[in-house]
Amino acid sequence: MVTRKERKQSTQNRLWNDFLQVHSTSKFFNIVLIGFMVLLASGISIATYLNLTSAIPVSGSAYYGQYLPSLWPQGKDVLFLGIPGLSRIAQPPSAVKITPELNAETIAHKLVLSFAGIDFKDLRSLFSQEIPFMLAFKKTGTPTVSAASLPNFPKFDAKNTTSSDNPLVAIYHTHTAEAFIPNSGVSHRPGGQRGDIVEVGLALAKQLEKDGVKAIHSATIHDYPSFMKAYGPSEITAQKLLTENPSIQMIFDIHRDADKRENVTAVVNGVQMAKITIVVATGQQDLPQPHWQQNHAFAKLIDAKLNAKYPGICRGIQLVEWRYNQHLHPRALLVEVGSQESSKEEAVRSIEVLGDVLAEILAESR
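Residues numbered from 1 in each chain as written. Predicted model: local features only at pLDDT ≥ 70, side-chain atom pairs only at ≥ 80, totals over all residues. Heavy atoms only, no water.

Asks: Lay out the pattern of salt bridges with the relevant residues and their values.
Replies: Using the criterion set out here, one finds seven salt bridges in the structure. The salt bridge involving Lys305 is made with Glu360; its shortest N-O contact spans 2.9 Å. Here the residue Lys305 occupies a position in helix H11 (residues 292-309), and Glu360 occupies one in helix H12 (residues 344-365), the gap between them amounting to 55 residues. Of the charged contacts in the structure, one is a salt bridge between Lys309 and Glu360, with a shortest N-O distance of 3.0 Å. (Salt bridge = Lys/Arg side-chain N within 4 Å of Asp/Glu carboxyl O. Helix = DSSP H or I, 4+ residues; strand = E, 2+ residues; numbered from the N terminus.)

Asks: Any chance you could break down the packing of aromatic side chains for me, citing the residues and the numbers?
Replies: On inspection of all chains with the given rule, the structure shows two aromatic pairs. Note on Tyr231 and Tyr324: the rings are 5.1 Å apart at their centroids and 45° apart in plane angle, and the pair reads as tilted. Linking Tyr231 in helix H10 (residues 231-244) with Tyr324 in the loop between strand S7 (314-320) and strand S8 (332-339), this pair joins segments that are 93 residues apart in sequence. The interplanar angle of 40° and the centroid separation of 6.1 Å between the aromatic rings of Phe252 and Phe298 together place this pair among those described as tilted. (Phe/Tyr/Trp six-rings, centres within 6.5 Å; stacked < 30°, edge-to-face > 60°.)

Asks: Describe in detail the pairing of strand S1 (residues 169-172), supporting the description with residues and values.
Replies: The alternating pattern of S1 places Val169 and Ile171 and Ala170 and Tyr172 on opposite faces, both of which are buried. As defined by bridge partners, S1 adjoins strand S3 (residues 250-257) across four bridges and the pair is classed as parallel. Paired with Tyr172 across the bridge in S3 is Asp253. (Buried < 20%, exposed > 50% of the residue type's maximum accessible area, 1.4 Å probe, protein only. Pairing = 2+ DSSP bridges.)

Asks: Tell me about the side chain of Thr277, and please be specific about residues and values.
Replies: Looking at the element boundaries, Thr277 is found in strand S6 (residues 276-281). The class of Thr277 is buried, set by a relative accessible area of 3%. Apart from the residues lying within four places of it in its own chain, the contact partners of Thr277 are Arg315, Gly316, Gln318, Leu334, Val335 and Glu336. (Contact = heavy atoms within 4.5 Å.)

Asks: Help me get a handle on H10, residues and values and all.
Replies: For H10, with 14 residues, the first-to-last C-alpha span of 20 Å sits near the 20 Å given by 1.5 Å per residue. For H10, every residue scored as buried is listed here: Tyr231, Ser234, Thr237, Ala238, Leu241 and Leu242. Buried residues along H10 cover an arc of 130° about the axis, so they all sit on one side. Facing away from the buried side of H10, by more than 90 degrees, are the exposed residues Ile236, Lys240, Thr243 and Glu244. Those residues of H10 hidden inside the fold are in contact with S1, strand S2 (215-217), S3 and S8. (Expected span 1.5 Å × (residues − 1). Arc of directions from axis to C-beta.)

Asks: Which residues make up the pairing of S7, and what values do they have?
Replies: When S6 meets S7, the two strands line up parallel, connected through six bridges. Bridging from a neighbouring strand, Ile276 pairs with Cys314 of S7. Assessed by its sense of winding, the connection that carries the chain from S6 through H11 to S7 is right-handed. (Right-handed = clockwise from strand over helix to strand, strands pointing away.)

Asks: Summarise the environment of Ile351; cite the residues concerned and give the values.
Replies: Along the polypeptide, Ile351 turns up in helix H12. Remark: the alpha-carbon pair of Ile351 and Ala205, spanning 146 residues in sequence, is separated by 9.4 Å. The contacts of Ile351, once residues within four sequence positions are left out, are Val200, Ala203, Leu204, Ile254 and Val337.

Asks: Before we move on, can you summarise the nonpolar core with the specific residues and values?
Replies: Burial of nonpolar side chains together is a common tendency in soluble globular proteins. Ranked by internal contacts, the top residues of the largest apolar core, which has 46 residues, are Val169, Met250, Phe252, Ile254, Ile302, Leu306 and Leu358. Sort the elements by how many residues they give to this core and H12 lands first, with nine residues. (Core = buried A, V, L, I, M, F, W, Y, C linked by side-chain atoms within 4.5 Å.)

Asks: Describe the packing of helix H9 (residues 196-210) against H12, listing the residues and the values that go with them.
Replies: Remark: H9 packs on H12, axes separated minimally by 8 Å, with the N-to-C direction vectors making an angle of 35°. Considering how the two elements wind past one another, H9 and H12 form a crossing that is right-handed. Residues Asp196, Glu199, Val200, Ala203, Leu204, Gln207 and Leu208 of H9 form the contact with H12, whose own contacting residues are Lys344, Ala347, Val348, Ile351, Glu352, Leu354, Gly355, Asp356, Leu358 and Ala359. (Axes fitted to C-alpha atoms, helices over the stretch in contact; angles between N-to-C directions. Left-handed = near helix turned anticlockwise from the far one by under 90°.)

Asks: Residue-level account of the sheet that holds S1, with values.
Replies: A sheet is described by the order of its strands in space; here six strands give the open sequence S2-S1-S3-S8-S6-S7, paired in mixed fashion. Pairing within the sheet leaves two strands with one partner each, and these edge strands are S2 and S7. Across this sheet, the average inter-strand angle for adjacent strands is 25°, counted without regard to direction. Sheet topology places S6 next to S8; four bridges connect them, and they run antiparallel. Paired with Ile276 across the bridge in S8 is Val337. Sheet contacts for H9: S1, S2 and S3; angle to S2, the most-contacted strand, approximately 165°. Running at roughly 160° to S1, H10 makes contact with S1, S2, S3 and S8 of the sheet.

Asks: Residues and numbers for the confidence of the model for the chain, please.
Replies: Per-residue pLDDT for the chain has a mean of 74; in total, 58% of the residues score no lower than 70. A low-confidence stretch, residues 38-101 stays under pLDDT 50, and its non-local contacts, those more than four residues away or across chains, total 48 contacts. In this model residues 115-143 is a low-confidence stretch, pLDDT under 50, and it forms 26 contacts with partners more than four residues away in sequence or in other chains. (pLDDT = per-residue confidence, 0-100.)

If you want it as structure tokens, here you go:
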């Protein structure tokens, strides 16, 4: 007969055996599960390692390059690549290298990129190539307009331009009385007096001298007693300047415009300057102007160079059916600097810039 004590002890022994059996089974499954995870991790690592066409981190490719002969991952590779999240924690984000699919399109793209330097996926590359129809968009350090590129441009006299002894530029004023209201209080000096415009012309001559170009400036009064008939007397002065100085390569009649201040003021590098307008006379039926196309080409060159260096300072070129003494020379122009509402100082700044440009044109002609 089994006592209560023996029955209790038998029950405890049975429970312990059952626990051991269950624990052993659970341990076995745990071992199997861990082994499966290790195999799975190794399989993923090897597949990732051997699949060289896949995208891999740049740092990773450099790391694996040390072990390419063995073609077998290291232990830490298994850990980082096999367990989700650890690879991202262990390595910082980096660029990826993607091998494009080889087809006709990609092959053509590589050929054009290699031989022509043009990437059709980036149209900006077209602007950096010297393709004829895109040359106008190519940014260079020098203006695209030059004397050689302009049709009808009158050639300089090389004999005179190479010498600094003879005057190359002549300056005069048809309307000598023109003034600037901020400085003189009036738009014209009365009674045959010389206005501020004469000082602007003198500033041009001085700037040219600084740049190594000899110039002649005439302050002869032409608009008194008749302002309307001033071009008659000024033609005599211009003709005299050219006759007495056959070395002259340019001749300018300096004026100021009659316009509102806001239309003739430019701000260049934070400094206010008077805008410049170039007037080209085309002549009339009874006033022939045989040089107008040459004068026009000369004006185009000046306009291009001025705006290339100081954008907006030149208002452009006006073609007028008159002569304005421009029939006397193939490089004769009428230049208007600012207006009666400009200051003399603004006009002088602009005329000095013009002087630099004229000196540059003469230097290029040499």
